[in-house]
Amino acid sequence: MDTPQTWSQRFETALHPAIATFNASIGFDIALIEYDLTGSQAHAKMLAKTGIISPKEGETLVNGLQQIRQEYRDGRFRPGVEAEDVHFAVERRLTEIVGDVGKKLHTARSRNDQVGTDIRLYLRAEIEAIQEQLRQFQQALLGLAQAHVETLIPGYTHLQRAQPLSLAHHLLAYFDMAQRDWQRLADVHRRVNISPLGCGALAGTTFPIDRHYSAELLGFAEPYGNSLDGVSDRDFAIEFACAASLIMVHLSRLSEEVILWASEEFGFVTLNDSCSTGSSIMPQKKNPDVPELVRGKAGRVFGHLQGLLVLMKGLPLAYNKDLQEDKEAIFDTVITVRSCLEAMTILLTEGIVFQPARLHQAVNQDFSNATDVADYLAAKGVPFREAYNLVGQVVKTSLAAGKLLRELTLDEWQAIHPAFEADIYGAITPEQVVAARNSHGGTGFNQVRQAIQRAQQQLGQSPLG
Ligand code: ARG
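Right, let's walk through the structure included here.

Conventions adopted
- Every chain's residues receive numbers from 1 upward, in the order its sequence appears when written.
- Reporting of local features is limited, given that this is a predicted model, to residues whose pLDDT is at least 70; pairs of side-chain atoms are given and counted only at 80 or more, and all residues count toward the totals for whole chains, interfaces and linings.
- Only hydrogens and water are removed before side-chain values are computed, so all heavy atoms of the structure are retained for them.
- Under the scheme used here, helices are H or I runs from DSSP no shorter than 4 residues and strands are E runs no shorter than 2 residues, and both carry numbers assigned from the N terminus.
- Exposure is judged per residue with a 1.4 Å probe applied to protein chains only, and the accessible area is read against the type maximum: over 50% gives exposed, under 20% gives buried, and values in between give partly exposed.
- When charges are counted, neither His nor the chain ends are considered; positive counts come from Lys and Arg and negative counts from Asp and Glu.
- Throughout this description, the term salt bridge denotes a Lys or Arg side-chain nitrogen within 4 Å of a carboxyl oxygen of Asp or Glu.
- Definition of a polar contact: a pair of N or O atoms within 3.5 Å, with one able to donate and the other able to accept a hydrogen when the atoms are protein atoms, and with sequence-neighbouring residues admitted only if both atoms are side-chain atoms.
- Contact between two residues is taken to exist if any of their heavy atoms lie within 4.5 Å; hydrogens are not considered.
- By convention a nonpolar core is built from buried Ala, Val, Leu, Ile, Met, Phe, Trp, Tyr and Cys residues, the set being connected through side-chain atoms within 4.5 Å.
- Between any two strands, pairing holds if DSSP finds at least two bridges.
- By convention in this text, a residue qualifies as near a molecule or strand provided that one of its non-hydrogen atoms is within 4 Å of it.
- Note that accessible areas follow from Shrake-Rupley with a 1.4 Å probe, and for residues the cover is restricted to the protein chains shown.
- Ten residue types, Ala, Val, Leu, Ile, Met, Phe, Trp, Tyr, Cys and Pro, are classed as nonpolar, four, Asp, Glu, Lys and Arg, as charged, and the remainder, Gly among them, as polar.

### Some remarks on the side chain of Asp29
Mapped onto the elements of the fold, Asp29 is located in helix α2 (residues 26-29). Buried charged residue Asp29 carries no salt bridge. Nearest counter-charge: Lys327, at 6.0 Å. Within the structure, Asp29 has its side chain in polar contact with the side chain of Ser25 (distance 2.5 Å). Sequence-distant contacts of Asp29, that is, excluding residues within four places in its chain, are made with Asp85, Val86, His87, Lys327 and Phe331.

Here it is as structure tokens:
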């Protein structure tokens, strides 16, 4: 630490300035500083507990680290590129504050297990925060669903009108996706929450450390069982990027629907001024920038997943400097997912207004009740495939006559099949079409009300339950 650079006396000349910049990670790993301090405090306590340093020295180190925390929070500690990375920056500042005893902090530790500890502490906290955000997103979906159990919306397959749906059912599909996202994060959390601290550079250490104790101080479930694996494992980061990618898939699909719905062609929703923007040239326009940006940002998160996979695939054991490249991918994934979840939650809570009149018109002007005519005949004993073919003819005739199914006369129905009776009209209203789909998980209103109850129960679960 007295030399122009931080490593050993075997180096005679300083780093080329451009190489120093190239090598430095302080520009981004400063984001880990609070975790680096926490990890170092636990390490110092462990060193004191095991008698590797004295209790007094341990206390001095812990207090010095706490002072750095305060200096950082107050904006007084802002290390530059000369520090190389956050770990050196902290150690150097500690020695300035507490003197030579600061040089004892790195006993029985390497930056390799240190950085692994820091990222895990960071990711653990961020995963918990994202889980909380998912809960808020789900709450917003549930709120809308509760308001729209009886609002109908066309349901599509192949983006062609298929069967009408309860709007709540449509929204709760996203609720369930978010529920899986939440569970996936809980699962990743388990593998993030393992301590590499004490793995040393790669092989463990000659000192009588207590890895279980430092793990426990940091709230880790257990220490890694293999030191080589502990310092070079980034599976948890890849798993996180994968879970984050799926969150983005879901947000992006919802975004795509909102964008379509907000178009003049659909007109199912309008977006409030607080969540849409104008055009610099076309004064009539109101653009759905929020869902467009979310859809766009999905790509960069998928890119980080790919980047991390490729980063790892050729690495020999154990630590390699390549691993410094994991950080920006992880940080940007966290920042992107968090900002998208926040924006989409705001959009759902206050930015989007469904248009019941337009939706009503949409579900009443199409042939999306055709399946129900076939089901009607099948319920009266006509084999379904035969009924299906008959209804195909009905639709063809109606289209040719410019009529909807409900506009056919009873004579016209009975000309197609004698089993049709006057109750056919009641069977094919959009409301009845929806209500009748009362199979478990279907769009029938009773099912949707039960789904809302299930959703409420799920929201009551503890963050990591
Ligand atoms: N800045 C480094 C990283 O992000 C810290 C670990 C450096 N270890 C080493 N052996 N050079 O990975």
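### Observations regarding the nonpolar core
In this structure, Leu123, Phe137, Phe240, Leu251 and Phe354 are the most contacted members of the largest nonpolar core, which totals 84 residues. Counting 25 residues, the second largest nonpolar core, distinct from the first, contains Ile26, Ile33, Val62 and Ala89.

### Description of the pattern of salt bridges
Side chains that differ in sign of charge can pair as their charged atoms come close. One pass over the structure, following the stated rule, counts 28 salt bridges. The salt bridge partner of Arg93 is Glu71, with a shortest N-O separation of 2.8 Å. Residue Arg93 is found in helix α5 (residues 86-98), and its partner Glu71 is found in helix α4 (residues 55-73); the two are separated by 22 residues along the sequence. Two residues, Arg184 and Asp181, come together in a salt bridge whose shortest N-O distance is 3.2 Å.

### Structural notes on the pairing of strand β1 (residues 152-157)
With five bridges joining them, β1 and strand β2 (residues 160-166) adopt antiparallel strand pairing. Opposite Leu152, over in β2, you have Ser166 as the bridge partner. The antiparallel hairpin formed by β1 and β2 contains two residues in its connecting segment, where His158 sits at a positive phi of about 60°.

### Here's the deal with the site of the ligand
Neighbouring the ligand are Ser25, Asp29, Asp85, His87, Arg111, Asn112, Val115, Tyr319, Gln324 and Lys327. With respect to the ligand, the side chain of Gln324 contributes an N or O atom lying 2.7 Å from a nitrogen atom. Lys327 places a polar side-chain atom, nitrogen or oxygen, 2.7 Å from an oxygen atom of the ligand. Protein burial of the ligand: of its 340 Å² of free accessible surface, 87% is covered by the chains. The element that contributes the greatest number of residues to the shell around the ligand is helix α6 (residues 111-147), accounting for three residues. Grouping the amino acids of the shell around the ligand by side-chain chemistry returns two nonpolar, four polar and four charged.

Just geometry here; none of it tells us what the structure is for.
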